[in-house]
Amino acid sequence: MRRFWPDLTAAALFVLAAVLVLRGLWADPGGRLLATNPQDQILFEWMLQHTALSIAHAGDPFLAPILGTPTVANLAGNTSVVLAGVLLAPVTWLFSPGASFTILATASLAGTAIAWYALFRRRLRVAVPAAFAGALFCGFAPGMVSQANGHPHIAAQFFVPLLVALTLNLGLPGPSWSHPLRGAELGLLAAAQILLGEETLLLTALGLGGFIIFYGIQRPRIILARWRPAMLSLGVAAGCTLLVAGYPLWVQFLGPDAYHGLPSGRYVADLGSFTAYADASIAGSAAGTAEVSPNPSEQSAFFGVPLIIVAVVATVWLWRIVWVRSAVFVALLACIASLGVVPKWHGREIGVPGSWALVADLPVFRDVVVVRLALIAIPVIGLLIAVSWDHAARLGTLRWAWPAMVLVALIPTLPRGLGTVVARPAPEFISSGEWQSCADDHSTLIAYGDTTREGVLHLQMRWQLAAKLGYASPNGYYFSRDRDGGGRLGRSLRTMDVAVMTARETGHPAELTPRQLAVARADLVYWRAQCVVLQQGGQTADAMRDTITTIVQQPAQTGGGVWYWRVP
């Protein structure tokens, strides 16, 4: 047992580090939100709550008729994290979806670091300090922490090292039955990754595919000797993956509200980001990332000059190792691709076309958030840190000097912690269940408040979450199918939405023509609405109230901090 203490200590330190990074959420898991990305946290809490309810009521976790009603929200085409929702369902039932989100985000960082540590120790046979340093970067790199800031489906990469190990084992000599078994293991793990975060599986596949190509060019005999049993294993893997994840994949691409393409072209890396530090890093600041970052949750390409120098030196030092230079080639191509179709330096085009233009319009690739391709470089840098540190430990002159240089480069990239804010509570009418006096369970309730037109999506989803998804909502912060078949955030605002928002913007009741009034009333029929709710407060709330009264043709009632109308 004593020989496991160093490894157990490393794992405990990774968990402690993750808790410290997310200490703001741990202070009040059900009452705090990430300061720079509350909307995505609400989305994931909604997904976790929906999966828990689907288990409790034998529902479909991949489709949600209560979101975007009367259409059906395609959750398989969104970040539904169903596997996490299933595993955390008891936490959601007993505590809150906020508690489940906090655990998921924490496990994403700590679990990823632990998994890479295990791979470095068992596969590369490096010493504990080297494995710890490399895994620390793999789990807590700026890109990983920025994704944990509202994107736990991307930060949850604890399956990735095992996917790498299983893939690299394909085709190795062994009994005839070992090849299908390896394929089954790989296929089941790939299915699990799909149910946790499909995009991470795509990034892993791109990285591994590139690695095998580069390695095969340099060592073709090894690849040729293994390709037949490897193809058998991959065939079994594909079958197992489809067996487990075939239905959600069908829903995603062919089911109700399926869409193609995402409006994410602006989410690309800037050349200037590679030498900068991320918002949440010890050496970073929001001012320093303003020109080179799409937002605080998409800072996947931030490494800092010292760490880049360390990675380059380690690459030169270890260049004779074929698999090291193959991995470096993949990381370099991934970083170049992350620049998108039109590469920029501090927001200005550099006049050179981007390599991503070659695949940007192809199926699957057009759905990729391009800046996240830089995440492929993180485990490669972690590998360089671990292997070079381990090599240095055998050399007298570099035994202490090289680890010191690595730490000097690594420490500034480590996170200070993610900021949080107190969540704005939904009106008591919603959170207390009083809304049930106005609408039946799972019927449609239309919610408005003092928010912008874009904010309607967030408000309606947040209030619905506060009601434990007890009623249906016509809109929310999720990807739906647009008229052209592409993806868009939420549903289009309808005439009634526009009228109420116009009243908020002008401070006067909306002036509706008879035709507009008829169309607004038809919206209530289209939504199958039983209740309309407006939060009290705000300078223009009276104008919004009068507009809704005109449309619904019923007097407003008061309760729980809102006005509400029963739709006849």
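The structure displayed is predicted, hence computed values, not measured ones.

Chemist: How would you explain the pattern of salt bridges if you had to name every residue and give the values?
Modeler: Counted according to the given criterion, the structure contains 10 salt bridges. As a salt-bridge pair, Arg 372 and Glu 298 come within 2.6 Å of each other at their nearest N and O atoms. Of this pair, Arg 372 sits in the loop between strand E5 (348–349) and helix H16 (377–392) while Glu 298 is found in the loop between helix H13 (286–289) and helix H14 (305–317), placing the two residues 74 residues apart along the sequence. Take Arg 372 and Glu 298: they sit in the same class, and that class is buried. In this structure, Asp 390 and Arg 394 form a salt bridge, with 2.7 Å as the shortest nitrogen-oxygen distance. Take Asp 390: its relative accessible area is 7%, and that puts it in the buried class. Among the residues examined, Arg 394 registers a relative accessible area of 59% and is labelled exposed. Beyond isolated ion pairs, a larger network of salt bridges with shared partners links Glu 199, Glu 298 and Arg 372.

Chemist: Outline the state of the cysteines, supporting the account with residue identities and numerical values.
Modeler: In the structure shown here, the tally under the stated rule is 1 disulfide. Residue pairing for Cys 438: its cysteine sulfur links by disulfide to Cys 531, the two sulfurs lying 2.0 Å apart. Since a negative S-S torsion denotes a left-handed disulfide, the Cys 438-Cys 531 link at about 105° is right-handed. With Cys 438 in the loop between helix H18 (428–431) and strand E7 (444–448) and Cys 531 in strand E10 (residues 529–535), this pair connects stretches of sequence that are 93 residues apart.

Chemist: I'd like a description of a nonpolar patch on the surface, backed by residues and values.
Modeler: Side chains of Ile 212, Ile 222, Ile 223, Leu 224, Trp 227, Met 231 and Leu 234 sit close together on the surface and give an oily, nonpolar patch of about 610 Å² of accessible area. Relative to the helices and strands, Met 231 resides in helix H12 (residues 220–254).

Chemist: An account of the side chain of Glu 45 is needed here, citing residue identities and associated values.
Modeler: Within the fold, Glu 45 resides in helix H3 (residues 38–56). In this structure Glu 45 is buried but unpaired, with Arg 462 as the nearest side chain of opposite charge at 9.8 Å.

Chemist: Help me get a handle on the packing of helix H20 (residues 495–506) against helix H21 (residues 514–527), residues and values and all.
Modeler: Between H20 and H21, the shortest axis-to-axis distance is 7 Å and the interhelical angle comes to 120°. In terms of axis orientation, H20 runs oblique to H21. From H20, Thr 495, Met 496 and Asp 497 reach across to H21, where they touch Gln 516, Val 519, Ala 520, Asp 523, Leu 524 and Trp 527. When the residues that make up the contact of H20 with H21 are grouped by side-chain class, the tally is 5 nonpolar, 2 polar and 2 charged.

Chemist: Please provide a residue-by-residue account of H16, values included.
Modeler: With 16 residues, H16 should cover 22 Å at 1.5 Å per step; its first-to-last C-alpha distance of 22 Å lies within 8% of that length. Among the 16 residues of H16, 16 are classified as buried, and the element is accordingly described as predominantly covered.

Chemist: Quick rundown of the side chain of Asp 257? Include the residues and the values.
Modeler: Among the structural elements, Asp 257 can be located in the loop between H12 and H13. Engagement of the side chain of Asp 257 in a polar contact is seen with the backbone nitrogen of Arg 481, the distance being 3.3 Å. Among the polar contacts made by the side chain of Asp 257, one reaches the side chain of Arg 491 at a distance of 3.0 Å. When residues no more than four places from it in sequence are discounted, the contact partners of Asp 257 are Val 72, Ala 73, Asn 74, Tyr 478, Phe 479, Ser 480, Arg 481 and Arg 491.

Analysis parameters
- Residues numbered from 1 in each chain as written.
- Predicted model: local features only at pLDDT ≥ 70, side-chain atom pairs only at ≥ 80, totals over all residues.
- Heavy atoms only, no water.
- Salt bridge = Lys/Arg side-chain N within 4 Å of Asp/Glu carboxyl O.
- Helix = DSSP H or I, 4+ residues; strand = E, 2+ residues; numbered from the N terminus.
- Buried < 20%, exposed > 50% of the residue type's maximum accessible area, 1.4 Å probe, protein only.
- Disulfide = S-S within 2.5 Å.
- Patch = residues over 30% accessible without salt bridge, like charges linked within 9 Å, V, L, I, M, F, W, Y side chains within 5 Å.
- Areas by Shrake-Rupley, 256 points an atom, 1.4 Å probe, with all protein chains shown as cover.
- Lys, Arg positive; Asp, Glu negative; His and termini not counted.
- Axes fitted to C-alpha atoms, helices over the stretch in contact; angles between N-to-C directions.
- Parallel < 35°, antiparallel > 145°, perpendicular 65-115°, else oblique.
- Contact = heavy atoms within 4.5 Å.
- Nonpolar A, V, L, I, M, F, W, Y, C, P; charged D, E, K, R; others polar.
- Expected span 1.5 Å × (residues − 1).
- Polar contact = N/O pair within 3.5 Å; in protein donor to acceptor, adjacent residues only side chain to side chain.

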